[in-house]
Amino acid sequence: MAVTFAGLTFERPRIMGILNVTPDSFSDGGRHDDPAVAVEAGERMVAEGADILDVGGESTRPGAEPVPLEVELARVLPVIQRLAARGHCVSVDTRHSAVMVRALDAGAAIVNDVSALTGEPSSLPLVARRGAPVVLMHMRGEPQTMQQQTHYEDVVAEVLAYLGQRLAACRAAGLGDDRLCIDPGIGFAKTQAHNLALLAATERFAALGVALLIGVSRKAFIGRLSRDEPPEGRLPGSLAAGLAAVRRGAHILRVHDVAETAQALRVWQAIEAT
Ligand code: HH2
């Protein structure tokens, strides 16, 4: 059966636009502090070709400090409410079940959890009870310490096994495959070699039979391959990595640069279709 996720079909790759409402995100931090500015940025991303808007109120970059619950809620809820009310497909990027529930009530259609619903024991029952589509990402530990937990015997096999277990737990709780999406978590408790190995093995993740999301946009491994470009100089490498993943079966790209990604995907697709 063809893969679907949250009502999206994948006759073409889909784009998740990143909308961080945080002061400290590694690339777009501090840009969308005012909800009106964030909503405008979201509208622009949809016009440029985003299928999903991923609203986050807590940075998960390496070393990031946790954010009090009320602060995260105050950042994301007004933005989610307004974008959902305008008919856009919104995901909430959070590890906290109290944020998930309020975001779903505010109109979010998808939960994007970098801890794959393991961060809090109440997250999986909540998402299952609500029947909410969820992105399950692989990471280890907490953002503050994750880069000290990068020992793997076989990174691809271990991340595949972990995501397989998380899929099984979600299915056992009653979530259907049309509500499940996996993500190997590029840059989360991974070295440069691990990130490249996981991207090269994208087909093996796609073979798990549910939607596959890949987030490479402007990440540090691209900086290292590009003579230490800062995040805003990493677009060419982000496009190359995204296309390499799509070519190997990724369904959704999570990106900062929506218009540029949409153009790259259109050209790639036109060639593939010829
Ligand atoms: N990457 C980041 C945050 N959330 N979610 C998924 N599913 N996959 C990812 O690769 C992913 C994610 C980190 O990027 P960003 O949101 O740009 O930065 P920050 O965590 O600093 O806010």
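No experiment lies behind these values; they were computed from the predicted model shown.

**Things to note about the overall build of the protein**
Okay, so step 1: Helix and strand content of the protein: ten helices and ten strands.
Okay, so step 2: Viewed in the frame of its principal axes, the protein has a C-alpha envelope of about 40 × 40 × 40 Å.
Okay, so step 3: Among the 274 residues that make up the protein, the fraction classed as buried is 54%.
Okay, so step 4: For the protein, long-range pairs separated by at least 24 residues make up 71% of all intrachain contacts whose partners lie at least 6 apart in sequence.
Okay, so step 5: For the protein, the exposed area adds up to about 11500 Å²; of that, 53% sits on carbon and sulfur atoms.

**Considering empty space enclosed by the protein**
Okay, so step 1: As enumerated under the stated definition, the model contains two cavities of 30 Å³ or more in all.
Okay, so step 2: Each pocket or cavity is described by its volume, and for the largest cavity that value is around 60 Å³.
Okay, so step 3: Residue lining of the largest cavity: Val216, Ser217, Ser238, Leu239, Gly242, Leu253, Val255, Asp257 and Thr261, and that is the complete set.
Okay, so step 4: Those elements that provide at least two residues to the lining of the largest cavity are α9 (235–247) and β10 (252–255).
Okay, so step 5: For the lining of the largest cavity, the leading source of residues is α9, giving three residues.
Okay, so step 6: A per-class count over the lining of the largest cavity returns four nonpolar, four polar and one charged.
Okay, so step 7: Within this model, the second largest cavity holds a volume of roughly 40 Å³.
Okay, so step 8: Taken together, Ala64, Glu65, Pro66, Arg95, Glu142, Pro143 and Gln144 make up the full set of residues lining the second largest cavity.

**Overview of the side chain of Asp93**
Okay, so step 1: Secondary-structure assignment places Asp93 in strand β5 (residues 90–93).
Okay, so step 2: Within polar-contact distance, the side chain of Asp93 engages the side chain of Arg254 at 3.2 Å.

**Digging into the site of the ligand**
Okay, so step 1: Taken together, 18 residues lie near the ligand, and Ser25, Ser59, Asp183, Lys219 and Arg254 sit nearest.
Okay, so step 2: Contacts to the ligand include Arg61, whose backbone N or O atom sits 3.3 Å from an oxygen atom.
Okay, so step 3: Taking Asp93, its side chain carries an N or O atom lying 3.0 Å from a nitrogen atom of the ligand.
Okay, so step 4: Look at the ligand: alone it shows 480 Å² of surface, and the protein chains cover 99% of it.
Okay, so step 5: Counting atoms within 2 Å of the grid points, the majority share of the ligand lands in the largest pocket.

**Details of the sheet that holds β10**
Where strands meet in a sheet, backbone hydrogen bonds hold them as pairs that are either parallel or antiparallel.
Okay, so step 1: Pairing within the closed barrel is parallel, and its eight strands lie in the order β3-β4-β5-β6-β7-β8-β9-β10. Strand-to-strand twist in this sheet, taken as the mean axis angle between neighbours without regard to direction, amounts to 25°.
Okay, so step 2: Of the strand pairs in this sheet, strand β3 (residues 14–20) and strand β4 (residues 52–56) are connected by five bridges, and their pairing is parallel. Across the sheet, residue Ile18 finds its bridge partner in β4, namely Asp54.
Okay, so step 3: Against the sheet, helix α1 (residues 35–48) makes contact with β3 and β4, and its axis sits at roughly 165° relative to β3, the strand it touches most.
Okay, so step 4: The sheet contacts of helix α10 (residues 258–272) involve β3 and β10, and relative to β3 the element is tilted by about 170°.

**Comments concerning helix α5 (residues 155–172)**
Okay, so step 1: In this model, α5 (18 residues) spans 26 Å end to end at C-alpha, consistent with the 26 Å of a helix rising 1.5 Å per residue.
Okay, so step 2: All of the buried residues in α5 are Val155, Val156, Val159, Leu160, Tyr162, Leu163, Arg166, Leu167 and Cys170. Along α5, the residues classed as buried sweep out an arc of 165° about the axis, all on the same side. Relative to its buried face, α5 has exposed residues pointing more than 90 degrees away, namely Gln165 and Ala172.
Okay, so step 3: As for α5, its buried residues are in contact with α4 (123–130), β7 (134–137), β8 (180–183), α6 (192–200) and α7 (202–206).
Okay, so step 4: Of the residues flanking the end of α5, it is Gly174, one or two places downstream, whose phi is positive at about 110°.

Cut-off values and rules
All chains use their own residue numbering, which begins from 1 and follows the written sequence. Note on the predicted model: pLDDT of at least 70 is required for a residue's local features to be given, and 80 or more for side-chain atom pairs to be given and counted; whole-chain, interface and lining totals, by contrast, use all residues. Neither water nor hydrogens contribute to the side-chain values; these are computed over all heavy atoms in the structure. Secondary structure elements are defined from DSSP: runs of H or I of at least 4 residues count as helices, runs of E of at least 2 residues count as strands, and each element is numbered from the N terminus. Only protein chains enter the area calculation, which uses a 1.4 Å probe; residues under 20% of their type maximum are buried, those over 50% are exposed, and those in between are partly exposed. Note on contacts: a residue pair qualifies if any of its non-hydrogen atoms lie within 4.5 Å across the two residues. For accessible areas, the Shrake-Rupley method is used with a probe of radius 1.4 Å. Any residue's cover is judged against the shown protein chains and nothing else. Only protein atoms enter the 1 Å grid used here, on which a cavity is any set of points holding a 1.4 Å probe that cannot leave and a pocket is any open set flanked by protein within 12 Å on both sides along at least five of seven lines; residues with an atom within 4 Å of a point are listed as lining. Grid points are joined across faces, edges and corners, and a volume is the space filled by probe spheres set on the points. Gly is put with the polar residues, along with every residue not named as nonpolar or charged; the nonpolar set is Ala, Val, Leu, Ile, Met, Phe, Trp, Tyr, Cys and Pro, and the charged set is Asp, Glu, Lys and Arg. Distance and chemistry together define a polar contact, namely a pair of N or O atoms within 3.5 Å, with one atom able to donate a hydrogen and the other to accept it when in protein, and with adjacent residues in sequence counting only for side-chain atoms on both sides. The rule for a residue being near a molecule or strand is that one of its heavy atoms must lie within 4 Å of it. For this analysis, a molecule is said to be in a pocket or cavity if more than half of its atoms are within 2 Å of the grid points defining it. Each pair of strands is called paired provided DSSP finds at least two bridges between the two strands. For helices, the axis comes from a line fit to the C-alpha atoms of the stretch in contact; other axes are also lines fit to C-alpha atoms, and the angle between any two N-to-C directions lies between 0 and 180 degrees. One less than the residue count of a helix, multiplied by 1.5 Å, gives the span that helix is expected to have. The directions from the helix axis to the C-beta atoms form the arc being described.

These values are about where atoms sit, not about what they do.
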